[in-house]
Amino acid sequence: MAKRKAMSKQTLVINPVTRIEGHGKVTIQLDEQGKVADARFHVTQIRGFEKLCEGRPFYEMPSLMARICGICPVSHLVASAKACDAILATRIPTTAVKLRTVLNLAQLVQSHALSFFHLSSPDFLLGMDSDPARRNIFGLAEAHPKMARDGVRLRQIGQQIIEKLAGKRIHPAWVVAGGVNEPLAVETRDQILAVLPEALQIATGALDWFKTVLDQFREEIRTFANFPTYFLGLVSPTGELEHYNGFFRVVDSRGNIVADKLDVLNYADIIGEACEPDSYLKSPYYKPRGYPEGIYRVGPLARLNIADRCGTPRADQEWAEFRELDRGAVLSSFYYHYARLIEIIYGIERMEQLLQAPDILSKHVRAFAGTNNPEGIGVTEAPRGTLIHHYKVDDNGLIVWANMIIATGHNNLALNRGVLQVAKHFINGTKIEEGMLNRVEAVVRAFDPCLSCSTHALGQMALQVQLLAPDGEVLDELRR
Amino acid sequence: MSQAVRVITLTMDGREISARGDQTVLQVARENNMYIPTLCHLTGLARVGSCRLCLVEVKGINKLLPACVTRVEEGWEVSLNSERLSKYRKSILELLFSERNHVCAVCVSNGHCELQTLAQTLGMTHVHFAYRYPRLAVDGSHDRFVVDHNRCILCTRCVRVCDEIEGAHTWDLLGRGVNAQVITDLNQPWGESDTCTGCGKCINVCPTGALVEKGKSVREMTKQRQFLPYLTLMRERRW
Ligand code: SF4
Ligand code: SF4
Ligand code: FES
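None of these values were measured; they are calculated from a predicted model.

Draft legend 1. Representation of the overall build of chain B within the structure. A count of helical and extended segments in chain B gives six helices and 10 strands. Scaling as 2.2 N^0.38, a compact globule of 239 residues should have a C-alpha radius of gyration of about 18 Å, and chain B matches this with 19 Å. Based on the C-alpha atoms only, the size of chain B along its principal axes is roughly 55 × 50 × 30 Å. Taken over 239 residues, chain B has a buried fraction of 51%. Partitioning the contacts of chain B with sequence separation of at least 6, the portion at a separation of at least 24 is 60%. Measuring between centres, the 30 positive side-chain charges of chain B sit 2 Å from its 25 negative side-chain charges.

In structure tokens form, the structure reads like this:
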């Protein structure tokens, strides 16, 4: 720990110690009086990928994009395939759309299960301030074996569905431009349908339990990125929860719809990207409100805030109860956890609906076409929020330009503000108060940003907190 | 084979074998179910002996000999798979991998590629040479096919099949050494080639993901080679 007495303006840096790519870091700017002035959560965004895919045939993109991220390959696969569909400019067989939807939902279930059970439930069950070395899935397994088992099982079910549909590979190549490359076998469908009831039981059990402990977290609910923002995401044409297709809808903090039925192709009209002077991260904002007033959130919380209902029986009940939490939109980011559980329930119910329809077994699952459109945009709702893939190709179908907006990027402004909220609470002068790390970690985790470190299997994020003077000198440092 | 050919005897990896004197080491080995790795060689096409993967050792001869273009001789003691050979073969593969951009994970030929299979069979685990990472273009101008120079190993199978079997001679080589590249016609986009008949033979003989059908996704490109021995045979009969 390095200390210095005299300072005027300082910066506090929280850095993950891990060397894995895709990590985040938090800097906190102090003003002349030593008070927190600003906070920023930096993510090593996926850069250079435009260069990587330049000159490649567009139909290779889904698999190429799935490789970008080892955490949510399926989400990129699906969004990329949709962008490619747009380049083919042909009608994708409805069964292919449904199969991709099931795959996407299986990814949602397994990702949310990881976030809730493995990463966050130790906080709820063992306490935010318990020993970080034990505040993880292993500590959980000792103290609350059933919860740990349930979490592992639910995630496994999600992963098995992905495997059964797309093959055993970590980076599935089943989803292709124009559809999927193999129809669903009867046996596979039956196997998937057979495990869904167990999954639903686990999910509803967890939600029932979570609702009973919410009261213990009043403090967190009040302070975890709890502020008005817009919420953005996809809804179905009839206003239901939707992760694969649909239109953009934006609601304000009071829950009023401010924009609806926006074609995803015009995403650039509603999403602006601000470049912060000292950051390599772009901060998307809701364009009509400008920057930074256009701060918005995406992901589970946003999706439940923008939808009129979920569209499946059990999830609809839970959704109605959830929306009672606040008068307008549900604002505290602590409720991301709650929203995740509801989405798991929805995902399971929806998969069941889709798989029970007879046309899911149709053999017509792929459309073939050439380069009919020089540009393609694919938008989906990934577990963490709206995912946009946008490509341009030349006459021969080779990529000349690519852009991608990921969920963690959308939430950037809100995450910064959330960290700021915590920092104000826990930073005093040149000292970092105990509990700061745990709270920052928990706030970041509520958003479940796609960072290797945040999904580290062992649970807690490796963090480094640095308090810096305006001249860059380290005033205080905490490491874990 | 008009006149009578001498029958000779030799050993391969210690096994006594009899063969006709006009056969190559590779032919004899294959007839006897003995494995020699090959890459540029393809039965039905002219032999060029360029990849050197089929090198074998013959007792008393200092040089290593390419099995695909070397005739067997009386009394030879040939080893097909010595330590030394395995080292050389692996180095050849490593050079091939380091020369261009082989990212198997995202390659359309992943899982159906001769180069990849050879690397697995011969136990090539590392590339000890620095990768060159050249920036090579993909030519997608043809209606149905694509050439990705990043995956080309310059085996010239495409050149030979196009010339010898299809008779179009669309493909050829341009440049030398590390700068060599396969080209269509007078180095113009494939889609503008006057000679290409669109028969697809080159696609099917290409051992890697360099020549592929358009629109194939990762792992989807499988090649059909059955046509080649059949075509050659039919033409031999008729001509
Ligand atoms: S051509 Fe073969 S070796 Fe090269 S990247 Fe493709 S699969 Fe790998
Ligand atoms: S394109 Fe294929 S067949 Fe032609 S030289 Fe290259 S690797 Fe060989
Ligand atoms: S196979 Fe003999 S040299 Fe290539």
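Draft legend 2. Looking closely at the site of ligand 2. Surrounding ligand 2, one finds 13 residues, the nearest of these being C152, C155, T156, C158 and C206 of chain B. Residue composition of the shell around ligand 2, by class: 10 nonpolar, two polar and one charged.

Draft legend 3. Structural view of the interface of chain A and chain B. With 17 residues of chain A at the contact, the number on the chain B side is 19 residues. For the pair chain A and chain B, the summed buried area comes to about 1400 Å², and 49% of that belongs to carbon and sulfur atoms. On inspection of chain A and its partner chain B, the count reaches two salt bridges. In this structure, D148 of chain B and R56 of chain A form a salt bridge, with 2.5 Å as the shortest nitrogen-oxygen distance.

Draft legend 4. Structural view of the sheet that holds strand β2 (residues 15-20) of chain B. All names here are of chain B. Pairing in this open sheet of five strands is mixed, and the strands run β2-β1-β5-β3-β4 from one edge to the other. Across the chains shown, the open sheet's two edge strands, defined by having one partner strand only, are β2 and β4 (65-66). Inspection of the sheet shows strand β3 (residues 55-58) paired to strand β5 (residues 77-79) by two bridges, in the antiparallel sense. Bridging from a neighbouring strand, E57 pairs with S79 of β5. Along the sheet, helix α2 (residues 83-99) contacts β3 and β5; its crossing angle with β3, the most-contacted strand, is approximately 155°.

Draft legend 5. Spatial organisation of the pattern of salt bridges. Residues and elements named next belong to chain A. Counted by the stated rule, this structure contains 27 salt bridges over all chains. Between K211 and E321 there is a salt bridge; the shortest N-O distance is 3.2 Å. Taken as a pair, K211 in helix α7 (residues 186-213) and E321 in helix α11 (residues 313-323) lie far apart in primary sequence, 110 residues in all.

Draft legend 6. Spotlight on the layout of surface pockets. Residues and elements named next belong to chain A. Here the second largest pocket defines a volume of roughly 600 Å³. Sorting the residues of the lining of the second largest pocket by element identifies α3 (73-88), α4 (94-126) and β12 (375-382) as the ones contributing at least two each. Top contributing element to the lining of the second largest pocket by residue count: β12, with five residues. Residues belonging to the lining of the second largest pocket are distributed by class as follows: 11 nonpolar, seven polar and seven charged.

Draft legend 7. Highlighting the site of ligand 1. Close to ligand 1 lie F97, H102, V103, C104, C107, N110, C113, L115, R151, T208 and G209 of chain B. By residue class, the composition of the shell around ligand 1 is six nonpolar, four polar and one charged.

Draft legend 8. Quick look at the packing of helix α12 (residues 335-356) of chain A against helix α15 (residues 436-447) of chain A. Residues and elements named next belong to chain A. With their axes 8 Å apart at the nearest point, α12 and α15 run at an angle of 35° to one another. The way α12 lies across α15 gives a crossing that is left-handed. Contacts from Y336, H337 and R340 in α12 reach R445, A446 and F447 in α15. Residues of the contact of α12 with α15, tallied by class, amount to three nonpolar, one polar and two charged.

Draft legend 9. How the structure looks around α4 of chain A. Residues and elements named next belong to chain A. Its 33 residues place the ends of α4 46 Å apart at the C-alpha level, agreeing with the 48 Å of an ideal helix rising 1.5 Å per residue. Along α4, the largest kink reaches about 55° and is centred on S120; proline P122 follows within four residues of it. Of all 33 residues in α4, 28 are buried, a share of seventy percent or more.

Draft legend 10. Region of the structure containing the sheet that holds strand β13 (residues 385-393) of chain A. Residues and elements named next belong to chain A. One open sheet holds the three strands; their spatial order is β12-β13-β14, and the pairing between them is antiparallel. Two strands lie at the open edges of the sheet, namely β12 and β14 (399-405), each paired on one side alone. Direction aside, neighbouring strands of the sheet carry axes that sit 10° apart on average.

Draft legend 11. Looking closely at the pairing of strand β1 (residues 7-12) of chain B. All names here are of chain B. Sheet analysis places β1 next to β2, joined by six bridges and oriented antiparallel. Within the sheet, the bridge partner assigned to I8 lies in β2 and is A19. Taken together, β1 and the strand that follows it, β2, pair antiparallel across an intervening segment of two residues, in which D13 is found at a positive phi of about 45°.

Draft legend 12. A look at the environment of M34 of chain B. All names here are of chain B. Position of M34 among the secondary structure elements: in the loop between α1 (25-31) and β3. Residue M34 is classed as buried on the basis of its relative accessible area of 13%. A C-alpha to C-alpha distance of 16 Å links M34 and T70, two positions 36 residues apart in sequence. Excluding residues that lie within four positions of it along the chain, M34 makes contacts with M12, D13, R15, I17, A29 and L80.

Draft legend 13. Representation of the confidence of the model for chain B. Per-residue confidence for chain B gives a mean pLDDT of 93; residues scoring 70 or more make up 97%. Interface scoring of the predicted complex returns ipTM 0.83; its pTM is 0.86.

Draft legend 14. Representation of the domain arrangement of chain B. All names here are of chain B. When the domains of chain B are assigned, the result is domain 1 (7-81) and domain 2 (104-238). On a C-alpha basis, the centres of domain 1 and domain 2 stand 26 Å from each other. Contacts between domain 1 and domain 2 engage 14 residues on the former and 18 residues on the latter. Between domain 1 and domain 2, the buried area comes to about 1200 Å², and carbon and sulfur atoms account for 67% of it. In terms of surface lost to domain 2, no three residues of domain 1 exceed L39, L42 and L45, which account for 46% of the buried area on that side.

Conventions adopted
Residues numbered from 1 in each chain as written. Chains lettered and ligands numbered in written order. Predicted model: local features only at pLDDT ≥ 70, side-chain atom pairs only at ≥ 80, totals over all residues. Heavy atoms only, no water. Helix = DSSP H or I, 4+ residues; strand = E, 2+ residues; numbered from the N terminus. Rg over C-alpha atoms; globule rule 2.2 N^0.38 Å. Buried < 20%, exposed > 50% of the residue type's maximum accessible area, 1.4 Å probe, protein only. Contact = heavy atoms within 4.5 Å. Lys, Arg positive; Asp, Glu negative; His and termini not counted. Charge placed at Lys NZ, Arg CZ, Asp CG, Glu CD. Near = heavy atom within 4 Å. Nonpolar A, V, L, I, M, F, W, Y, C, P; charged D, E, K, R; others polar. Buried area = accessible area lost by both parts, 1.4 Å probe. Salt bridge = Lys/Arg side-chain N within 4 Å of Asp/Glu carboxyl O. Pairing = 2+ DSSP bridges. Axes fitted to C-alpha atoms, helices over the stretch in contact; angles between N-to-C directions. 1 Å grid on protein atoms, 1.4 Å probe; cavity = no way out; pocket = protein on both sides within 12 Å on 5 of 7 lines; lining within 4 Å. Points joined across faces, edges and corners; volume = space filled by probe spheres on them. Left-handed = near helix turned anticlockwise from the far one by under 90°. Expected span 1.5 Å × (residues − 1). Bend = angle between axes of the 7 residues up to and from the residue. pLDDT = per-residue confidence, 0-100. Domains from an automatic or database assignment.

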